[in-house]
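A structural walkthrough
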Amino acid sequence: MSQIHYLFHPNLAQQNLENYFDPAYWKRQNKILGSATGRGVTWFLATEQQVKCNSALRHYYRGGLFGKLIKDHFLFTGLNQCRSIKEFQLLQQLKQKGLPVPTPIAARVKRTLLCYQADILIELIENGRDLVAILQEKILSDDIWRQIGKLIRQLHDQQVFHSDLNAHNILLQSLDNQQYKLWLLDFDKCDFRQGDEWKAANLQRLYRSFQKEIHRYQIQFTPQNWQTLLQGYHSH
Ligand SMILES: Nc1ncnc2c1ncn2[C@@H]1O[C@H](COP(=O)(O)OP(=O)(O)O)[C@@H](O)[C@H]1O
Ligand SMILES: [Mg+2]
């Protein structure tokens, strides 16, 4: 026996909801715009007709050793504890607080008695590339490094702990006439946290991520860039 639960944005037509979460369905319609491979595959979908924007579809996977055995099943401890539902709700709250995060479109939980699988559909940030992709090709201006620092500060000022704050989860979107906008992604397992003690460690995690990508992807990142980011972080 399995049960399916959905949460969705009011804009979403509510028929055939299961199709929204089925990459094969979008493939048949020739509506796959691209994909990114991390732990799993994030599909970029042409959904403008259905939801007024294109979207990114992600299935939730486990990490670690356990994840190799049970790839995408999680212990069910209540609907509001499910990963996709929590990320959907957090994104909605962050959006309301004015943070630059994609709008959540729909979340799905497929459950049996003990376990569940989860998926989420969110707004696709058009013409956006993550910092790793960009820094492989070019350096970023001091102004952008400062803006990145300010962005993390904005998140921390709202008491949001980002459990996977890294260079892949910060997106730079090109707008018209040389303008750009920064976005934060990937709020799986993120939460509101009290106090300030965790903030420095959260920043440090981002620093380690940049360091790691120097070796892995030869990104352009210097100690000076980090200092400029910190300047932005501490600038108000
Ligand atoms: N809403 C989005 N708009 C544009 N690009 C996205 C979006 N969501 C994800 N991406 C791209 O796909 C990559 C992987 O997505 P992410 O949600 O971080 O999944 P994971 O890290 O679990 O693989 C991101 O680093 C980013 O480059
Ligand atoms: Mg990510």
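On to the layout of surface pockets, then. What the largest pocket holds in volume is close to 1400 Å³. Every residue lining the largest pocket is counted, 45 residues in all, and those nearest its centre are G38, T42, H168, N169 and D186. At the level of secondary structure, the elements contributing two or more residues to the lining of the largest pocket comprise β2 (32-37), β3 (41-45), β4 (55-59), β7 (115-123), β8 (128-130), α6 (131-137) and α8 (197-217). Its residues assigned to classes, the lining of the largest pocket comprises 18 nonpolar, 12 polar and 15 charged. Of the residues that make up the lining of the largest pocket, three or more belong to each of domain 1 (3-123) and domain 2 (128-233). What the second largest pocket holds in volume is close to 200 Å³. Looking at the second largest pocket, it is lined by 13 residues, and the ones nearest its centre are I134, K138, L172, S174 and Y180. A per-element tally of the lining of the second largest pocket places strand β10 (residues 170-174) first, with 3 residues. Residues of the lining of the second largest pocket, tallied by class, amount to 6 nonpolar, 5 polar and 2 charged.

To characterise two packed helices, one gives the angle between the axes of the helices and the distance between these axes. The geometry of helix α7 (residues 142-157) relative to helix α9 (residues 223-233) is characterised by a closest axis approach of 6 Å and an angle of 45° between their N-to-C directions. In terms of orientation, α7 and α9 fall into the oblique class. By crossing handedness, the relation of α7 to α9 is classed as right-handed. Contacts between α7 and α9 involve D142, W145, R146, I148, G149, K150, I152, R153 and H156 from the first element and N225, T228, L229, Q231, G232 and Y233 from the second.

Right, let's get into the site of ligand 1. Near ligand 1 you find 17 residues, and of these E123, I125, D130, H168 and D186 are the closest. In the environment of ligand 1, a nitrogen atom lies 2.8 Å from a nitrogen or oxygen atom belonging to the backbone of E123. When ligand 1 sits alone it has 540 Å² of accessible area, and the protein chains cover 86% of it. Placement of ligand 1 is best described as lying within the largest pocket. Looking at the shell around ligand 1, its residues break down into 8 nonpolar, 4 polar and 5 charged. Residues lining the shell around ligand 1 come from more than one domain, with at least three contributed by each of domain 1 (3-123) and domain 2 (128-233).

All right, on to the pairing of β7 then. Judged from the 5 bridges that link them, β4 and β7 form a sheet pairing that is antiparallel. Bridge pairing in β7 links H59 to D119. Here strand β5 (residues 74-75) runs beside β7; their pairing, made up of 2 bridges, is antiparallel. Considered in β7, the bridge of F74 is made with Y116. Sheet topology places strand β6 (residues 104-111) next to β7; 7 bridges connect them, and they run antiparallel. In the strand pairing of β7, A106 is matched with L121. Linking two consecutive strands that pair antiparallel, namely β6 and β7, is a turn of 3 residues.

This brings us to the pattern of salt bridges. Pairing between side chains of opposite charge can happen when the charged atoms of each approach one another. Under the criterion given, the structure shown has 9 salt bridges. One salt bridge in this structure joins R58 and D186, with 3.8 Å as the shortest N-O distance. Of this pair, R58 sits in strand β4 while D186 sits in the loop between β11 (180-184) and β12 (191-192), and the two are 128 residues apart along the sequence. On the basis of relative accessible area, R58 is assigned to the buried category, the value being 17%. Overall, D186 belongs to the partly exposed group, its relative accessible area being 23%. A salt bridge links E137 to R129, with the shortest nitrogen-to-oxygen separation between them at 3.2 Å.

Moving on to the environment of N166. If you trace the backbone, N166 turns up in the loop between β9 (160-161) and β10. Here the alpha-carbon distance between N166 and Q50, two residues 116 residues apart in the chain, equals 32 Å. Not counting chain neighbours up to four residues away, the residues in contact with N166 comprise L206 and S209.

Thresholds, definitions, all that
Residues numbered from 1 in each chain as written. Chains lettered and ligands numbered in written order. Predicted model: local features only at pLDDT ≥ 70, side-chain atom pairs only at ≥ 80, totals over all residues. Heavy atoms only, no water. 1 Å grid on protein atoms, 1.4 Å probe; cavity = no way out; pocket = protein on both sides within 12 Å on 5 of 7 lines; lining within 4 Å. Points joined across faces, edges and corners; volume = space filled by probe spheres on them. Helix = DSSP H or I, 4+ residues; strand = E, 2+ residues; numbered from the N terminus. Nonpolar A, V, L, I, M, F, W, Y, C, P; charged D, E, K, R; others polar. Domains from an automatic or database assignment. Axes fitted to C-alpha atoms, helices over the stretch in contact; angles between N-to-C directions. Parallel < 35°, antiparallel > 145°, perpendicular 65-115°, else oblique. Left-handed = near helix turned anticlockwise from the far one by under 90°. Contact = heavy atoms within 4.5 Å. Near = heavy atom within 4 Å. Polar contact = N/O pair within 3.5 Å; in protein donor to acceptor, adjacent residues only side chain to side chain. Areas by Shrake-Rupley, 256 points an atom, 1.4 Å probe, with all protein chains shown as cover. Sits in = over half its atoms within 2 Å of the grid points. Pairing = 2+ DSSP bridges. Salt bridge = Lys/Arg side-chain N within 4 Å of Asp/Glu carboxyl O. Buried < 20%, exposed > 50% of the residue type's maximum accessible area, 1.4 Å probe, protein only.

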